[in-house]
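A look at the structure
Read off the chains here:
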Amino acid sequence: YIAQPLDHFNRRNNATYRQRYWVNEEHWRQPDGPVFLYIGGEGSLSEFSVLSGEHVELAQTHRALLVSLECFYGSSINPDGMTLESLKFLSSQQALADLASFHLFISHKYNLTRNTWICFGGSYPGSLSAWFLKFPHLVYASVASSAPVRAELNFTGYNKVVAWSLADLVIGGSEKCLDAVIKGFQVGVGERQWYYQTCTGFGYYQTCEDPSCPFSTLLTLQSQLDLCSQVFQVPTESVLQSVQFTNEFYGADRPKSSRIIFVNGDVDPWHALSVLKNQSHSEIAILINGTSHC
């Protein structure tokens, strides 16, 4: 564990929390081999974050030091971390500051000087992986898989892709399957921390108010915004402002960044909010047919 400031942006607040991380030195060419950083997200991480996956296979090839960092979820949260007082420190900006602090910690621990850092992430961590390029002096490039970098208040596109996927023959779907789902609705459990972040930064509410949506029409935007107010005392206007701020702060799906690979699958509903076309000579967008999330 590393002791991280609870609030990186207020140095008068001396409170800290214990953030969990893992290191795998097995493949590392010391002392100048690259560093591969695997970013955690809206759930727990485990030691497998530095033991398996494509980033580990790449580390074997490129002789990289593997490190991973769990975000303000899992075991990286104080016993009182679910309270409103603590949840106010849960933001993507604080998470990026955690990553910057972790970069410094690992650099000192292993006496790293000119090592190249590459970060990896999928879903929300994919967005963090892309956004970490706001610190180009710390990280050289990133792989952002299924990264919804554009925050959207009323994310109607999610259920549209789900409905299309249910009828997609490539992944075993059919029109019969879709029809059955439509009839069934005419009759992953969310976590408190992630719902709080949707209210204070991202939106992403998967509504079903569009006439083409085959699912429950009870999935309205207002019903989900009401939860922000009732559970976290976050008013609707504040949610809208937070979504706008996130897009302005990171550049939404037009970040104009360098050395990022955005990887998405067309049966993944989140691909609708990611970067799907190259926007610069050093930014690569890949859309893979018949693949799903992450």
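If you're wondering where the values come from, they're calculated on a predicted model, not measured in any experiment. (Residues numbered from 1 in each chain as written. Predicted model: local features only at pLDDT ≥ 70, side-chain atom pairs only at ≥ 80, totals over all residues. Heavy atoms only, no water.)

A separate point is the packing of helix α3 (residues 92–109) against helix α9 (residues 236–250). Their axes nearest at 12 Å, the elements α3 and α9 cross at an angle of 40°. On α9, the residues that touch Ser92, Gln93 and Leu96 of α3 are Phe245, Phe249 and Tyr250. For the contact of α3 with α9, the class distribution of residues is four nonpolar, two polar and no charged. (Axes fitted to C-alpha atoms, helices over the stretch in contact; angles between N-to-C directions. Helix = DSSP H or I, 4+ residues; strand = E, 2+ residues; numbered from the N terminus. Contact = heavy atoms within 4.5 Å. Nonpolar A, V, L, I, M, F, W, Y, C, P; charged D, E, K, R; others polar.)

Domain annotation for the protein reports domain 1 (2–150 + 252–288) and domain 2 (152–247). Here the C-alpha centre of domain 2 lies 26 Å away from the C-alpha centre of domain 1. Counting residues at the interface gives 28 residues for domain 1, matched by 25 residues for domain 2. Summed over both sides, the interface of domain 1 with domain 2 buries roughly 2,200 Å², with 65% coming from carbon and sulfur. For the interface between domain 1 and domain 2, the tally reads one salt bridge. For glutamate 152, the salt bridge is made with arginine 150, and the minimal N-O distance between the two is 2.3 Å. Taken together, the connections running from domain 1 to domain 2 amount to eight residue pairs in polar contact (both at pLDDT 80 or more). Of all the secondary structure elements, the ones that give two or more residues to the side of domain 1 that touches domain 2 are α2 (84–87), α3 and α4 (124–131). (Domains from an automatic or database assignment. Buried area = accessible area lost by both parts, 1.4 Å probe. Salt bridge = Lys/Arg side-chain N within 4 Å of Asp/Glu carboxyl O. Polar contact = N/O pair within 3.5 Å; in protein donor to acceptor, adjacent residues only side chain to side chain.)

Per the counting criterion, the structure on display carries 22 aromatic pairs. Here the aromatic rings of phenylalanine 155 and tryptophan 270 are separated by 5.5 Å at their centres, their planes lie at 50°, and the arrangement is tilted. This pair shows no difference in class: phenylalanine 155 is buried, exactly as tryptophan 270 is. Across the ring face of phenylalanine 249, the terminal group of lysine 134 is positioned such that the distance to the ring centre comes to 4.5 Å. Sitting over the ring of tyrosine 140, arginine 259 keeps its end group 4.2 Å from the ring centre. (Phe/Tyr/Trp six-rings, centres within 6.5 Å; stacked < 30°, edge-to-face > 60°. Buried < 20%, exposed > 50% of the residue type's maximum accessible area, 1.4 Å probe, protein only. Lys NZ or Arg CZ within 6 Å of the ring centre and 35° of its normal.)

Right, let's get into the state of the cysteines. Here the structure, examined in full by the defined rule, presents two disulfides. Note on cysteine connectivity: cysteine 199 is disulfide-linked to cysteine 228, with sulfurs 2.0 Å apart. Its S-S torsion of about -85° marks the bond between cysteine 199 and cysteine 228 as left-handed, since a negative value means left-handed. Residue cysteine 199 is found in helix α7 (residues 192–202), and its partner cysteine 228 is found in helix α8 (residues 221–232); the two are separated by 29 residues along the sequence. (Disulfide = S-S within 2.5 Å.)

Paired through backbone hydrogen bonds, the strands of a sheet run either parallel or antiparallel to each other. Pairing is mixed in the open sheet, where seven strands are placed in the order β3-β5-β4-β6-β7-β10-β11. What marks the edges here is a single partner per strand, and that holds for β3 (21–24) and β11 (283–288). Averaged over all pairs of adjacent strands, the angle between their axes in this sheet comes to 15°, without regard to strand direction. Relative to strand β6 (residues 117–122), strand β4 (residues 35–39) runs parallel, the two sharing four bridges. Looking at the pairing, valine 35 lines up with tryptophan 117 of β6. This element, α4, spans β4, β6, β7 (141–145) and β10 (260–265) of the sheet and lies at about 155° to β6. (Pairing = 2+ DSSP bridges.)

The next point concerns a nonpolar patch on the surface. A contiguous nonpolar patch, built from Ile261, Ile284, Ile286 and Ile288 and spanning about 280 Å² of accessible area, is present on the exposed surface. The greatest single-element share of the nonpolar patch, amounting to three residues, is contributed by β11. Examined against the element boundaries, isoleucine 261 turns out to sit in strand β10. (Patch = residues over 30% accessible without salt bridge, like charges linked within 9 Å, V, L, I, M, F, W, Y side chains within 5 Å. Areas by Shrake-Rupley, 256 points an atom, 1.4 Å probe, with all protein chains shown as cover.)

This part takes up the environment of lysine 88. Within the secondary structure, lysine 88 sits in the loop between α2 and α3. Residue class for lysine 88 comes out partly exposed when judged on its relative accessible area of 45%. Residues lysine 88 and leucine 6, spaced 82 residues apart in sequence, show a C-alpha to C-alpha distance of 9.8 Å. In terms of polar contacts, lysine 88 uses its side chain to reach the side chain of glutamate 85, at 2.9 Å.

Moving on: the packing of α7 against α8. Viewed as axis vectors pointing N to C, α7 and α8 meet at an angle of 110°, and their least axial separation amounts to 10 Å. Relative to α8, the element α7 lies roughly perpendicular. For the crossing formed where α7 meets α8, the hand is left-handed. Contacts between α7 and α8 involve Arg192, Tyr195, Tyr196 and Cys199 from the former and Gln224, Leu227, Cys228, Val231 and Phe232 from the latter. Partitioned by chemical class, the residues of the contact of α7 with α8 number seven nonpolar, one polar and one charged. (Parallel < 35°, antiparallel > 145°, perpendicular 65-115°, else oblique. Left-handed = near helix turned anticlockwise from the far one by under 90°.)

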